[in-house]
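Structural description and commentary
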Amino acid sequence: MKVVVGTRGSKLALTQTNWVIDELKKHNPDVDFEVKIIKTKGDLVQHLSLDKIGDKGLFVKEIEQQLLDKEIDIAVHSMKDMPSCLPAGLKFAGIPKREDPRDVLILKEGYTSIDDLPQGAKIGTGSKRRKYQLLKARPDLEIVPIRGNIDTRVRKIEDENLDGVVLAAAGILRAGMSKHISYYIPTDVMVPAPAQGALAIEIRDNDLEIENLINCLKDEETEIQVAAERGFLDGVNGSCHIPMGAYCTIEGDNIKLTGLFGDEDGKKLIIKSIEGNSKSPRESGIELAKLVLKEYESYEG
Ligand SMILES: NCc1[nH]cc(CCC(=O)O)c1CC(=O)O
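Residues numbered from 1 in each chain as written. Predicted model: local features only at pLDDT ≥ 70, side-chain atom pairs only at ≥ 80, totals over all residues.

For the protein chain, an unreviewed UniProt entry supplies the name Porphobilinogen deaminase and the organism Romboutsia faecis. The UniProt entry for the protein chain carries the following comment under Function (unreviewed entry): "Tetrapolymerization of the monopyrrole PBG into the hydroxymethylbilane pre-uroporphyrinogen in several discrete steps." UniProt, in the comment section headed Sequence similarities (unreviewed entry), describes the protein chain in these words: "Belongs to the HMBS family." (UniProt positions renumbered as here; feature names shortened; annotations may be inferred.)

So, about the overall build of the protein chain. Scanning the protein chain for helices and strands turns up 10 helices and 13 strands. Computed over the C-alpha atoms, the radius of gyration of the protein chain is 19 Å, within 12% of the 19 Å expected from 2.2 N^0.38 for a compact globule of 301 residues. With the C-alpha coordinates of the protein chain rotated into their principal frame, the extents come out at 60 × 45 × 35 Å. Considering the protein chain as a whole, with its 301 residues, one finds that 42% of them fall into the buried category. For the protein chain, the proportion of contacts with a sequence separation of at least 24, taken over those separated by at least 6, is 70%. (Helix = DSSP H or I, 4+ residues; strand = E, 2+ residues; numbered from the N terminus. Rg over C-alpha atoms; globule rule 2.2 N^0.38 Å. Buried ≥ 20, exposed ≤ 12 C-beta atoms within 10 Å, placed from the backbone. Contact = placed C-beta atoms within 7 Å.)

With that settled, consider the domain arrangement of the protein chain. Parsing the protein chain into structural domains produces domain 1 (2-99 + 198-218), domain 2 (103-185) and domain 3 (228-297). Here the C-alpha centre of domain 3 lies 25 Å away from the C-alpha centre of domain 1. (Domains from an automatic or database assignment.)

Our focus in this paragraph is the sheet that holds strand β4 (residues 90-92). With respect to topology, five strands assemble into an open sheet ordered β2-β1-β3-β10-β4, the strand pairing being mixed. Of all the strands in the sheet, just β2 (32-37) and β4 have a single pairing partner and so form its edges. Between one strand and the next, the sheet's axes are offset by a mean angle of 30°, whatever the strand orientation. In terms of strand pairing, strand β3 (residues 74-78) meets strand β10 (residues 199-204) through four bridges, oriented antiparallel. (Pairing = 2+ DSSP bridges. Axes fitted to C-alpha atoms, helices over the stretch in contact; angles between N-to-C directions.)

Bridging between strand β1 (residues 2-7) and β2 involves six bridges; their strand directions are parallel. Note that in β2 the partner of Val3 across the bridge is Phe33. This β-α-β element, β1 to helix α1 (residues 11-27) to β2, shows right-handed connectivity. (Right-handed = clockwise from strand over helix to strand, strands pointing away.)

Despite not being glycine, Asn161 has its phi angle at roughly 50°, a positive value. Examined against the element boundaries, Asn161 turns out to sit in the loop between α6 (150-159) and β8 (164-168). By C-beta crowding, Asn161 is classed as exposed, having 10 other C-beta atoms within 10 Å. In this model, Ala195 sits at a positive phi of 70°, which is unusual for a non-glycine residue. On the secondary structure map, Ala195 appears in the loop between β9 (183-185) and β10. Residue Ala195 is classed as buried on the basis of its 27 C-beta neighbours within 10 Å.

What follows is the structure in structure tokens.
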């Protein structure tokens, strides 16, 4: 059997895709895998701020079309880049074990955490979720909008004379760049993006053969976390124009889900947690979203 795996061409996307293929090969030594790199709209507008172009699915549409057209059999993405709804005819296969969900600071030499940054230090990030949570901890910081792939963003510390940048631990770790990490931001200081650190393996929804092939990678705890966090995302109808995040932890049959939601300019920023059952994580996400939206409507500041 030959299986074609579609992916974006960024270093992170290729690393993630090769990881998936290597894992699948361990369980299916007789299958031939081929990587097909696909350019997406998101790759073509690297210079624009995501806030300005940001329709959902910027990095996935072209890849999904190739799945539907049977040009590829599997697409590998970062789950956090996936819109809530997949096109008709596609679905997620089993979700592999999540990488570290936290955000990290990559800082200029000498600095080691949020607390020892000098007054007014310049930190680069294009994400409102990261920006307003950083400002909550350190209102004096100057947040500088940046974009680009991981290498580019790390390089901007020197090129744009920043004191640091915020990135997902997962991307840095997968890219083998852990030595750059100065500080892991605790999830109670910075709520991660929904499903940050998890991979999405997308397939045709009637392709049983491929679905079974991927089942060996499935991690049940990750699937529970992703269902809860993406339930929250759907419930608040989140986008990249507002600060929004969600993080789920599991203890036995119980889950704890924390959601973050705010307005475009960070004046309202709500963080709320609920407990729920690990058998109905998505329902907890939707319930938390309702509670957060209610609080948002009556927010006094
Ligand atoms: N928004 C781009 C993106 N999509 C996935 C990751 C990192 C890997 C992950 O979160 O799974 C990144 C980079 C980042 O946010 O630092």
